[in-house]
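Chains, contacts and geometry: an overview
Chain residues, written in single-letter form:
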Amino acid sequence: MNNVVKQSLAGLRAMLVLTVLLGVLYPAAVWGVGQVVARDQAAGSLVSYGGKVVGSSLVGQQWKGGEWFHSRPSASDYAGATSGGTNLGPGPALDATVAERAAAAGLDIASAPADALTASGSGLDPHISPAYAAAQVERVAAARGLDVGQVRSLVVAHTQGRTAGFLGQPRVDVLELNLALARLAASSAG
Amino acid sequence: MSDTASGLLTIAVLVAALAAVHVPLGTWMARVFTDTDRGHWRVERLVYRLCRVDPASEQRWTTYAVAVLGFSVVGIVLLFALIALQGVLPLDRGAAMNLDTALNTAVSFVTNTNWQSYAGEAGTSPLVQTLGLTVQNFVSPAVGLAVAVALVRGLARSSGSAVGNFWVDLVRGTVRVLLPLAAVAAVVLLLGGVIQNLSAPTTVPTVSGGSQVLQGGLVASQEAIKELGTNGGGYFNANSAHPFENPNAFTNLLEIFLLLVIPFSLPRTYGVLVGDRRQGWAVLGFMATLWGLMVAAVTWAEVSAAGGRLGGLEGKELRFGVWPSALFAASTTGTSTGAVNSMHESFSPLGGGGVLFSMLLGEVSPGGVGSGLYGALLLAVLTVFISGLMVGRTPELLGKQVGRREITLTALALLVMPALVLVFTGIGMVAPLVSSQMLATGPHGLTEVMYAYASAANNNGSAFAGFSADTPYVNLTLALCMFLGRFVPIVLVLALAGSLVTQRRRPVNAGTLPTHTPTFAALFVGVAVIVTGLTFFPALALGPLAEALS
């Protein structure tokens, strides 16, 4: 019994001491390094437009209206308050959800790219596939009265290949593409 | 480049990195836990003085076990109090948990499980995340490491009755292994885009006229140790699928590397500590074979499913794709980490069944920090016992006889997890309290519940997240599974260490079954797969297998 009390008291003291080291000093040190070497990343890779923060280049957003490139479906409509997926596995429930998504976006299930019909795990996927971006070019160009070739070259300029040539997948960051689109529209209007 | 070439190259780079690091890291860890001549580091002396423990005194297994339990129970009480009181502490940001959720969370993080019945964005204040969860993310793997080293000392030593000093093992594992590696990893993750700030969630107006909440937090420091310590508890609900936890394909590869690196280096530590590096190679071969098989199986299932109309992309991030999601899934379930970069419940039936099987192997492929090594050594004891019976030789491991006491302790330690999983899944299937929480019905529903209890009893923490686990009954039974699944085997492992350490090492003779040969490693793999298969085949047949065949 004496030993149990003795070891538990040592445990209590150890927890308190280690909390200072690991729960205060360590995160503070990493924070400090971040402020020096990676300020932008530490803050969340924020993106500004017209002098205001309008999002993060890492976090996807909901885009409505024909004049924007649309993101993938999301279990949380990209609200950002709580992240997560649908957790639907292959089966009738997922098929029904996919049919609803296709109807809402006016897509043909048989020909639409897979990422246009599926929600990501985070609900915050910032990317779409080059195929889904290409499928939206004509709609966006028509809605904005822009030249299709001009919009297409914008998509090509915003298509990222695999990281270091082999990691991950080719993709298009929707927020960055849409901001470039908005700048293009603003400059051609002005 | 095709997806296949990209996926294979990713795996090749990962394996090459692990192959390069496991020898120096394993050797370093062996030195950390035997370092007597160069003495203690200054910061360690300070910790010992503040804790009022004598680092020079050695403990018998009973005292060692009492220290492990005392430290862990104190950890649960403190973390529970911190979560329960977060509303009245500074920086609360409106975060709140029910008391049953708080208890579940406290047990979960202290047992290195990191099952989460709450959503990180809503359930935890920044104070709980850093002072509570980040700290347990360090000390719970350090406890696993200490127990593994105590068992190895039982095999390596041949005089006295002491298995080490828990406080020294705990502090050294933290200060010399986990902290420096985590600090480097955190900075690399930061450079890759993982956030590290003190901002509250901010609502920003979007260009298209909507609005979005952008989260803040000290994420990079927690993400690094979350993976390195095979913890897995996400800062955010979506875990490593969240762009602020895992922003790109490079950070994704780094996170997979971090969760595998210590478990795959420990066989080297074992080989060095017992004075026969070939023993370490055999254990490494065992772990790597199982990990390779699980990666191949889950990848095959998911890539096959990706041939369909939906490309297997439901629940997966486009920046990773199918191959890296399957690689992460097999690695996180094989290491008792439980972090996810894609939603396991949305996997194909065989892919989801594969990651479930990966946990049911008992977390030895390569297992959690420390727990993987002691789990594998328990199976090694079982393997020498079974092969001893087959060929009529006295079962021995490293010259230590496996007698009645040793095999009883080993068998009990190995039976705790299957008993917890099957009993609680069975109850769950008939109790409306559980079945009403399922998202799916039929075989997929059984897999959901079995996955939850397997995840808890194996201290993994990943989930088929459609299962709504945040009810008092589910929270408390899962907490019980996590506690018993962690500490009953730990006490039995320490008892085994205590029993082995008193034995003199017998010299090798013609009757000795060598435990470093490929033949033994193959037997070793066979025992793990057959034991798991025999135990869980009926349940797996009713769950994922039935779903895949229907």
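Thresholds, definitions, all that
Residues numbered from 1 in each chain as written. Chains lettered and ligands numbered in written order. Predicted model: local features only at pLDDT ≥ 70, side-chain atom pairs only at ≥ 80, totals over all residues. Helix = DSSP H or I, 4+ residues; strand = E, 2+ residues; numbered from the N terminus. Rg over C-alpha atoms; globule rule 2.2 N^0.38 Å. Buried ≥ 20, exposed ≤ 12 C-beta atoms within 10 Å, placed from the backbone. Contact = placed C-beta atoms within 7 Å. Pairing = 2+ DSSP bridges. Nonpolar A, V, L, I, M, F, W, Y, C, P; charged D, E, K, R; others polar. Core = buried A, V, L, I, M, F, W, Y, C linked by C-beta atoms within 7 Å. Domains from an automatic or database assignment. pLDDT = per-residue confidence, 0-100. Axes fitted to C-alpha atoms, helices over the stretch in contact; angles between N-to-C directions. Parallel < 35°, antiparallel > 145°, perpendicular 65-115°, else oblique. Left-handed = near helix turned anticlockwise from the far one by under 90°. Expected span 1.5 Å × (residues − 1).

This next bit is on the overall build of chain A. Scanning chain A from terminus to terminus reveals seven helices and five strands. Starting at the N terminus and walking to the C terminus, you meet the elements of chain A as α-α-β-β-α-α-β-α-α-β-β-α. Over its C-alpha atoms chain A spans a radius of gyration of 23 Å, topping by over 25% the 16 Å that the globule rule assigns to 190 residues. Principal-axis analysis of the C-alpha atoms places the extent of chain A at approximately 80 × 45 × 30 Å. Across the 190 residues of chain A, 44% fall into the buried class. Counting only contacts in chain A whose residues sit at least 6 apart along the sequence, the fraction spanning at least 24 positions is 51%.

Attention shifts here to the overall build of chain B. When its secondary structure is counted, chain B shows 18 helices and six strands. The C-alpha atoms of chain B give a radius of gyration of 22 Å, which matches the 24 Å a tight globule of 550 residues would have. Its C-alpha atoms give chain B principal-axis dimensions of about 80 × 60 × 50 Å. Residue burial in chain B is summarised as follows: out of 550 residues, 64% are buried. Here the contacts in chain B between residues at least 6 apart in sequence split such that 79% fall between residues at least 24 apart.

Turning to the sheet that holds strand β5 (residues 171-173) of chain A, a few remarks are in order. Residue and element names in this part refer to chain A. Taken together, the three strands give an open sheet; going across it, the order is β3-β5-β4, and neighbouring strands pair in antiparallel fashion. Whereas interior strands pair on both sides, the edge strands pair on one side only; in this sheet they are β3 (127-128) and β4 (159-160). Strand direction decides the pairing type here: β3 and β5, joined by two bridges, are antiparallel. Looking at the pairing, H127 lines up with D173 of β5.

Residues and elements named next belong to chain A. With respect to the helices, strands and loops of the structure, S74 is situated in the loop between β2 (52-56) and α3 (92-105). Distance in space between the C-alpha atoms of S74 and A164 is 28 Å, their sequence separation being 90 residues. Not counting chain neighbours up to four residues away, the residues in contact with S74 comprise A119, S120 and G123.

In this complex, chain B contributes 90 residues to the contact, which on the side of chain A involves 82 residues. Looking at the side of chain B that touches chain A, its residues break down into 53 nonpolar, 29 polar and eight charged.

This part covers the pairing of β2(A). Residues and elements named next belong to chain A. Two elements, strand β1 (residues 46-49) and β2, share four bridges in a ladder whose sense is antiparallel. Residue pairing across strands places V47 opposite G55, the latter belonging to β2. Where β1 hands over to β2, the hairpin turn is made up of two residues, of which G50 adopts a positive phi near 60 degrees.

Glancing now at the nonpolar core. By size, the foremost hydrophobic cluster in this structure holds 207 residues, and its most contacted members are B:V147, B:L151, B:W167, B:Y453, B:V493, B:L494 and B:A497. When residues of this core are assigned to their parent elements, the largest contribution, 18 residues, is made by helix α6 (residues 126-156) of chain B. Residue-level mapping places this core at the junction of two domains, with at least three residues from each of domain 1 (2-42) and domain 2 (45-189) of chain A. The contacts of B:W167, once residues within four sequence positions are left out, are A:A10, A:A14, B:Y48, B:C51, B:V53, B:P55 and B:A67. Counting residues in hydrophobic clusters, the runner-up holds 25 residues, among them A:W68, A:F69, A:L94 and A:V172.

In terms of domains, chain A is made up of domain 1 (2-42) and domain 2 (45-189). A C-alpha centroid distance of 40 Å is found between domain 1 of chain A and domain 2 of chain A.

Taken as a whole, chain A shows an average pLDDT of 95; of its residues, 98% reach a score of 70 or greater. Element-level mean pLDDT values for chain A span from 91 in helix α7 (residues 174-189) of chain A up to 98 in β3(A).

Our next topic: the packing of helix α10 (residues 277-305) of chain B against helix α11 (residues 322-334) of chain B. All names here are of chain B. Two elements in contact, α10 and α11, have axes separated by 9 Å at closest approach and are oriented at 140 degrees. Relative to α11, α10 is oriented oblique. The handedness of the crossing between α10 and α11 is right-handed. Of α11, the residues touching α10 (which contributes W291, M294, V295, V298, T299, E302 and V303) are V322, W323, S325, A326, L327, A329, A330 and G334. Among the residues forming the contact of α10 with α11, the class breakdown is 11 nonpolar, three polar and one charged.

The omega torsion of the bond from B:S365 to B:P366 falls at 0 degrees, within 30 degrees of zero and hence cis. Within the element layout of this structure, B:P366 appears in the loop between α12 (349-360) and α13 (371-391). The backbone of A:A164 sits at a positive phi, close to 55 degrees, despite the residue not being glycine. Among the secondary structure elements, A:A164 is positioned in the loop between β4 and β5. Although it is not a glycine, B:E363 sits at a positive phi angle of roughly 60 degrees.

Okay, α13(B) next. Residue and element names in this part refer to chain B. The end-to-end C-alpha separation of α13 is 30 Å, in line with the 30 Å expected for 21 residues at 1.5 Å each. Burial within α13 is extensive, with 15 of its 21 residues counted as buried. G392 occupies a position one or two residues after α13 and carries a positive phi of about 70 degrees.

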